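Take a look at the letters that make up each chain.
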Amino acid sequence: MADADLILVLDAGTTSTRAMVFSSAGDVRAIAQRPLEQHYPQSGWVEHDAEEIWRSTLEVARDAVTIAGGIDRIACLGIANQRETVIAWDRNSWNPLHRAIVWQDRRTADACAALRNQGHEPDVQARTGLLLDPYFSATKMRWLLDNAADVAAARDAGSLAFGTVESWLVFKLSGGAHLCDASNASRTSLLPLAGASWDPMLCNLFGVPEEALPEVVDCAGALATTQPDLFGRAIPITGLAGDQQAATIGQGCLSPGDVKATYGTGAFVLANVGGRLPRSHHRLLGTVLTQLDGARSYALEGSVFVAGSLVQWLRDSLGLIADAAETEALARSVPNTGGVVIVPALSGLGAPHWLPHARGSITGLSFATSRAHLVRAALEAMALQTHDLAHAFAADGAGWRSLRIDGGMTANDWIAQDLADILALPVERPELVETTALGAAMLAAVGAGLHSNLRAAADAMRGPLRRFTPQLDEAARSARLAAWRKALATV
Ligand code: ADP
């Protein structure tokens, strides 16, 4: 066992399930990945098969362990996961009772509107940091109780377990530990930002039985142990975090004022606010960043629903491009968008607008508009949406000094430079863009005692950065922001 010094990470994402193995110096020793099937039973509904999430996770974990040299090399396990997604299962049979309802799912929009109309939003926001939106878990749990007979029957029999994706994986890996780390718990609408466990008043408001919920635990430590027969040896589970919190840690945003933005399917900006409770007056979210030895640090968060999915739409629905990487050369091939502005509200607008019924627009078209202008306008929308978030963070007293970026879209240097130009801030991109998995590895390393704290883990495990500095003149920047505001007013 002397050489069990590697960290296995499970990254249970929205579109794929991945396992990675890191050394305690941050080197990547193995990657294995499987796509995850998306189910769209109705417009606005998004589901995953919880059994597929579990099976693929186990497969990729076993593959990664083999690539890294076998189970005897693995010291500990960390998990990062898609947040807010709800799974209901039976504690006795260990079987899911319904498909997972995914964070993007909008089926509880009316239930949220009804609670808002009854005047509950200010209290829910004050307690949880969250708004009343179908994005969060609690109304999804209530929907399952009201609409899935097996879920209601399990509740009546006292065998119902609810959880987010890390809870489900820990239950299956450990053979029955029902846990939820505080960063994931803070996305359910049932955990008070300042309270150690579930709030009975919130459970009552949303109609979620507290006895079906997991125990809220730290993000690092001896949290559970895998069943020995799964990998041939029991592995301690020592790190858990929601994917965006994990990415924030992986970016080394460990001090108040540090900010990261992840550009994948959507875009998520988190600013570390330290130990003070985040209170937004500009429709940002307050969330738990980490809980270590019972002590929490918090983040302010702005979520944009459409980022890389706009590029996918250009490719799959419009056929304007053959692959996402092509957008960079196309954007560079024209000096500007020729007056075209795209507002990417294809599934409503998230922070700071929160307009679920808004729809996208393309304005400023003329006969001179080319494919390159449209593609450039789509990419420009990333920095413009981020600018609106920067404005809201500053108004909440959490202005940005610089921005650390990651996610699939940031492979595009043009986008990275445009962010620096429109935000008028330095933008930093790590060479290793797998910051979500790295953050989970850092937490697991601390939880297993491989590093003494997150700062030491960050110093040892984070790699070099590339810096983009603002180059656009102020007149051009103001003109672009003015055109964006005009287009936004029409959606
Ligand atoms: P997720 O984790 O949400 O599945 P990723 O971080 O893997 O997403 O990012 C994939 C997204 O990034 C896709 O929506 C894709 O369209 C977009 N993307 C990937 N490469 C580029 C690129 N070079 N330029 C612009 N967008 C890109």
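Caption draft 1: The arrangement of unusual backbone geometry in detail. In this model, Ala 351 is joined to Pro 352 through a cis peptide bond whose omega is -5°. With respect to the secondary-structure elements, Pro 352 resides in the loop between strand E17 (341-343) and strand E18 (361-363). Its identity as a non-glycine residue notwithstanding, Arg 283 has a phi of 60°, on the positive side. Its identity is not glycine, yet Trp 354 carries a phi of approximately 50°, on the positive side. By the element assignment, Trp 354 lies in the loop between E17 and E18. Exposure remark for Trp 354: the relative accessible area of 7% places this residue in the buried category.

Caption draft 2: Focus on the pattern of salt bridges. One pass over the full model with this rule turns up 33 salt bridges. Residue Glu 84 is joined to Arg 187 by a salt bridge in which the shortest nitrogen-to-oxygen separation is 2.7 Å. Of this pair, Glu 84 sits in the loop between strand E5 (74-81) and strand E6 (87-90) while Arg 187 sits in the loop between helix H7 (182-185) and helix H8 (200-206), placing them 103 residues apart in sequence. For Asp 123, the salt bridge is made with Arg 127, and the minimal N-O distance between the two is 3.2 Å. Residue Asp 123 and its partner Arg 127 are located together in helix H3 (residues 121-128), separated by four residues, close to a single helical turn.

Caption draft 3: Structural view of the side chain of Arg 376. With respect to the element layout, Arg 376 can be found in helix H13 (residues 371-395). Given a relative accessible area of 10%, Arg 376 falls into the buried group. Once residues within four sequence positions are removed from consideration, Arg 376 is found in contact with Ala 331, Val 334, Pro 335, Asn 336, Thr 337 and Trp 414.

Caption draft 4: Representation of the site of the ligand. With respect to spatial proximity, 14 residues lie near the ligand, and among them Thr 15, Thr 265, Gly 308, Gly 408 and Asn 412 are the closest. Within the contact set of the ligand, a nitrogen atom lies 3.3 Å away from a side-chain nitrogen or oxygen of Thr 327. Its free accessible area being 580 Å², the ligand has 72% of it covered by the protein chains. Of all the elements, helix H11 (residues 308-316) adds the most residues to the shell around the ligand, at four residues. Of the residues in the shell around the ligand, the class split is four nonpolar, ten polar and no charged.

Cut-offs applied
Residues numbered from 1 in each chain as written. Predicted model: local features only at pLDDT ≥ 70, side-chain atom pairs only at ≥ 80, totals over all residues. Heavy atoms only, no water. Helix = DSSP H or I, 4+ residues; strand = E, 2+ residues; numbered from the N terminus. Buried < 20%, exposed > 50% of the residue type's maximum accessible area, 1.4 Å probe, protein only. Salt bridge = Lys/Arg side-chain N within 4 Å of Asp/Glu carboxyl O. Contact = heavy atoms within 4.5 Å. Near = heavy atom within 4 Å. Polar contact = N/O pair within 3.5 Å; in protein donor to acceptor, adjacent residues only side chain to side chain. Areas by Shrake-Rupley, 256 points an atom, 1.4 Å probe, with all protein chains shown as cover. Nonpolar A, V, L, I, M, F, W, Y, C, P; charged D, E, K, R; others polar.

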